[in-house]
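Below are the chains, spelled out letter by letter.
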Amino acid sequence: MRLTEQLALLIQLQKAESAVGRIQVRKKDLPLRMEDLEKEFSTLCTEAEAQREQLESLRKRRREKDTQLQTGQESLKRTRERLLDVKTNKEYQSILKEIETLEVKNSRMEDEIITLLDELDCLETATKARDGELNVSRQRFEEQKAKLAQELESLAEELTVSLKKSDEIREKIPADLLRKYDQIKGIGRGLAVVSVWKEVCGGCHMSIPPQQYNELQKATTTMNTCPNCNRILYWENRNSDK
Ligand SMILES: [Zn+2]
């Protein structure tokens, strides 16, 4: 096999295996993003639930106040009726005093109920708005979740395809060359074959000697490696439009 063919296969293999690496990173990242989405939405639900509970307890207080007021009004009525049966002036004055106290108390309760009604009104409006927002968020959450699930599925397919492709390329490469590639890849954090442009190694970004750069641009008889990071080099003309 000619050197240029070997190099072409190595470049193909590197591209396929880099794609595998990228897919694996994304595949790992997606479930974490799913978790974040779920947490975010669950927080919104908890907040909305707390507001609904607040509204419910305010409604309960209003019912209690209504009952209290009703009781107050009834006892006022009964006290007024007692005025009809009084025998002495002293008793009369005492009941009048009692009536006055009850009236003040009832009037204060009415004021409290009016304030409560205002609060209830505000909270009901706010709760309605929040429930509306929650519905929008729920829809968005479901959409994003479905999208992530779909992406995860297609990534699994892409991974299978890329792995198969890598295997197919590997089968075409001579064993000793493949060994060398794997060895460099192991040291070079997944990168064994890198392009060179303007005398700069695409792996370590260091300059390579001008003479080696000239050689790289011609058809060569030896496999060139970077003097700094030891990765296999190929020249890539980045001026050409492909
Ligand atoms: Zn290098």
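These numbers were taken from a predicted model, which means no experiment stands behind them. (Residues numbered from 1 in each chain as written. Predicted model: local features only at pLDDT ≥ 70, side-chain atom pairs only at ≥ 80, totals over all residues. Heavy atoms only, no water.)

A. Representation of the pattern of salt bridges in the model. On inspection of all chains with the given rule, the structure shows 16 salt bridges. A salt bridge links Glu 151 to Arg 26, with the shortest nitrogen-to-oxygen separation between them at 2.6 Å. Note that Glu 151 is positioned in helix α2 (residues 89-172) and Arg 26 in helix α1 (residues 3-82), a separation of 125 residues in sequence. For Glu 151, a relative accessible area of 26% corresponds to the partly exposed category. With relative accessibility at 27%, the residue Arg 26 sits in the partly exposed group. Salt bridges sharing partners connect three or more residues here, namely Glu 17, Arg 170, Asp 182 and Lys 185. (Salt bridge = Lys/Arg side-chain N within 4 Å of Asp/Glu carboxyl O. Helix = DSSP H or I, 4+ residues; strand = E, 2+ residues; numbered from the N terminus. Buried < 20%, exposed > 50% of the residue type's maximum accessible area, 1.4 Å probe, protein only.)

B. The pairing of strand β1 (residues 193-197), seen in detail. With five of five residues buried, β1 is to be regarded as a mostly interior element. Here β1 shows a buried face lined by Val 193, Ser 195 and Trp 197 and a second buried face lined by Val 194 and Val 196. Bridge count between β1 and strand β3 (residues 232-235): four bridges; the pairing is parallel. Looking at the pairing, Ser 195 lines up with Tyr 234 of β3. Across two bridges, β1 lies against strand β2 (residues 200-201) in antiparallel orientation. Following the sheet pairing, Val 196 is matched in β2 by Cys 201. Counted between consecutive antiparallel strands, the loop separating β1 from β2 contains two residues, among which Lys 198 sits at a positive phi close to 55°. (Pairing = 2+ DSSP bridges.)

C. Geometry of the coordination of the zinc ion. Distances from the zinc ion to its protein donors, Cys 201 (SG), Cys 204 (SG), Cys 226 (SG) and Cys 229 (SG), fall at 2.2 to 2.4 Å. If you look at the zinc ion, its four donor atoms make angles of 106 to 115° with each other, and the shape they trace is tetrahedral. Each donor residue of the zinc ion lies on the same chain, and together they follow the pattern C-x2-C-x21-C-x2-C. Taken as a pair, Cys 201 in strand β2 and Cys 226 in the loop between α4 (210-217) and β3 lie far apart in primary sequence, 25 residues in all. By relative accessible area, which is 1% here, Cys 226 ends up buried. (Donors = N, O, S within 2.8 Å, 3.2 Å for Na, K, Ca; no water. Tetrahedral: all angles 85-135°; square planar, octahedral: opposite > 155°, others 65-115°.)

D. Molecular detail of a negative patch on the surface. Side chains of Glu 35, Asp 36, Glu 38 and Glu 40 sit close together on the surface and give a patch of like negative charge. Considering the arrangement of structural elements, one finds Glu 40 in helix α1. Assessed through its relative accessible area of 55%, Glu 40 is described here as exposed. (Patch = residues over 30% accessible without salt bridge, like charges linked within 9 Å, V, L, I, M, F, W, Y side chains within 5 Å. Areas by Shrake-Rupley, 256 points an atom, 1.4 Å probe, with all protein chains shown as cover. Lys, Arg positive; Asp, Glu negative; His and termini not counted. Charge placed at Lys NZ, Arg CZ, Asp CG, Glu CD.)

E. Representation of the sheet that holds β1 within the structure. Reading across from one edge, β2-β1-β3 is the order of the three strands in this open sheet, with mixed pairing throughout. Only two strands of the sheet have a single partner each, and these edge strands are β2 and β3. Sitting on the sheet, α1 touches β1 and β3, and the angle it makes with β3 is about 105°. (Contact = heavy atoms within 4.5 Å. Axes fitted to C-alpha atoms, helices over the stretch in contact; angles between N-to-C directions.)

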